[in-house]
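# A look at the structure
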Amino acid sequence: DNISQTDSINKDLEWIKKFGDITLTSCGRGAISLILEEAAVKAKTALLPSYVCNTVILPFIEQGYNCFFYKINNDLTPNLNDIIRYKDIGVFLHMGYFGFPTNSSLLPVIKHFKAESAVIVEDITHTLFSYYERFCDNDYQVASFRKWVGVPSGGFLASKMAISSQPKRDETFAEIRKKALQKKARYMSGDHEILKQQYLELFAQGEQYLNHCVTPFEIDDVSKAIICGLDVGTLIHTRRSNFKTLSEMLGDINYIEPIFSDLPDNICPLFYPVYIKTHRNEVQQ
């Protein structure tokens, strides 16, 4: 059954097959939990980027890892001098930010950790729809779909190796998110009976559920259907168009400094990240 399920997933998800054998999960942190169940790790130590979502850290903490954090430079590249200070690392996790290959300088570091039998994990959530060559020394790649597409749940684990561990079935998180997304859609279409606070509280409730339960769960059927039918070309075109519009319109504001000025043809940006030199709180509001 597991073999036929994997074959079905690979058939439906042509746009994602390039990452390897795929196991769909309810979220990115579930995919990381699956790795920690699956991989033969030499030591329960993890080296992670200092600029990372708390949800990436939680599975390591839950499974008793000592977590260390390497510095990220202002241009979002990893600080190589800081990384090489660390020894006896069991899992090394790296990522590119906001769609750009900001981690492209890591090849020597990855080869070094690989030679010391560390498990190499790349979080490709931000760069999921950018098309450039990935590190062949990655043991695993993980991602979350929820930053890209309005799905109740969704993440995946990819590897060149077959994944023997399988996520469990529990749609509690997805059901909470479905209710939140439905309320948000009604609110945005002008239903004044729905208050913004209602769906925000449901979204928060979903995140709290995940925080207290890092067990890897399967993706729900609705989310899987959405992802399988995703128009990737339109998604990429829209994100690139949004980035270019923001770049043009914000370019002459002297207290806003974009992190990425150029948009190469092979990059699909997640967001348009900027540094705010002054007036940060006003701009955020």
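Up top you'll find the structure we're talking about.
First, a word on what this report is: a plain description of the structure on this page. Just so it is clear, the model here is predicted, and its values are computed rather than measured.

Another point: the packing of aromatic side chains. The full count for this structure, using the stated rule, is 13 aromatic pairs. Consider the rings of Phe100 and Phe243, whose centres lie 6.1 Å apart with planes at 45°: the pair is tilted. Of the two residues, Phe100 is situated in the loop between strand E4 (91–95) and helix H5 (107–115) and Phe243 in helix H9 (residues 232–250); the sequence distance between them amounts to 143 residues. You can call Phe100 buried: its relative accessible area is 6%. The residue whose ring lies beneath Arg134 is Tyr132, and the NZ or CZ to ring-centre distance is 4.5 Å.

Our next topic: the layout of surface pockets. Taken as a whole, the largest pocket encloses approximately 470 Å³ of empty space. Residues of the lining of the largest pocket, tallied by class, amount to 13 nonpolar, six polar and six charged. Space inside the second largest pocket adds up to approximately 230 Å³. Lining the second largest pocket are 16 residues, and of these Lys18, Phe19, Arg134, Phe135 and Gln141 lie nearest its centre. Among the elements of the structure, strand E6 (140–144) and strand E7 (155–159) are those that each provide at least two residues to the lining of the second largest pocket. For the lining of the second largest pocket, a count of residues per class yields seven nonpolar, four polar and five charged.

Moving on, we get to the environment of Arg29. Here Arg29 shows up in helix H2 (residues 28–38). Taking the C-alpha atoms as reference points, Arg29 and Ile57, 28 residues apart in sequence, are found 8.3 Å from one another.

A few words now on the pairing of E7. The element E7 is largely enclosed, with a buried count of five among its five residues. Alternating residues of E7 divide into Gly155, Leu157 and Ser159 and Phe156 and Ala158, and every residue in both groups is buried. Two strands pair when backbone bridges link them, and strand E1 (residues 21–25) and E7 are joined in this way by five bridges, in the antiparallel orientation. In the sheet register, Thr25 faces E7, and the bridge partner there is Gly155. For E6 and E7, the ladder comprises four bridges, and the chain directions are antiparallel. Residue pairing in the sheet places Gln141 in a bridge with Ala158 of E7.

Backbone geometry places Asp88, a non-glycine residue, at a positive phi of 55°. Here Asp88 lies in the loop between helix H4 (80–83) and E4. Look at His279: it is not a glycine, yet its phi comes out positive at around 60°. Mapped onto the elements, His279 comes out in the loop between strand E9 (274–276) and helix H10 (280–284). Classification of His279 as partly exposed rests on a relative accessible area of 44%.

What follows concerns the nonpolar core. Counting residues in each nonpolar core, the largest one holds 26 residues, and the members touching the most others are Leu47, Ile83, Phe92 and Phe113. Those elements giving two or more residues to this core turn out to be E4 and H5. Broken down by element, this core gets its largest block of residues, three residues, from H5. Contacts of Phe92, omitting those with residues within four sequence positions, involve Leu47, Tyr70, Ile83, Leu106, Val109, Ile110, Phe113, Val119, Ile120 and Val121. Counting 23 residues, the second largest nonpolar core, distinct from the first, contains Ile16, Leu24, Phe145 and Val232.

Right, let's get into the sheet that holds E1. One open sheet holds the seven strands; their spatial order is E1-E7-E6-E5-E4-E2-E3, and the pairing between them is mixed. Strands with a single pairing partner mark the edges of an open sheet, and in this sheet they are E1 and strand E3 (66–70). Adjacent strand axes in the sheet meet at a mean angle of 20°, parallel and antiparallel pairs treated alike. Seen against the sheet, H5 touches strand E2 (45–49), E4 and strand E5 (119–123) and runs at an angle of roughly 160° to E4.

Analysis parameters
Residues numbered from 1 in each chain as written. Predicted model: local features only at pLDDT ≥ 70, side-chain atom pairs only at ≥ 80, totals over all residues. Heavy atoms only, no water. Phe/Tyr/Trp six-rings, centres within 6.5 Å; stacked < 30°, edge-to-face > 60°. Helix = DSSP H or I, 4+ residues; strand = E, 2+ residues; numbered from the N terminus. Buried < 20%, exposed > 50% of the residue type's maximum accessible area, 1.4 Å probe, protein only. Lys NZ or Arg CZ within 6 Å of the ring centre and 35° of its normal. 1 Å grid on protein atoms, 1.4 Å probe; cavity = no way out; pocket = protein on both sides within 12 Å on 5 of 7 lines; lining within 4 Å. Points joined across faces, edges and corners; volume = space filled by probe spheres on them. Nonpolar A, V, L, I, M, F, W, Y, C, P; charged D, E, K, R; others polar. Pairing = 2+ DSSP bridges. Core = buried A, V, L, I, M, F, W, Y, C linked by side-chain atoms within 4.5 Å. Contact = heavy atoms within 4.5 Å. Axes fitted to C-alpha atoms, helices over the stretch in contact; angles between N-to-C directions.

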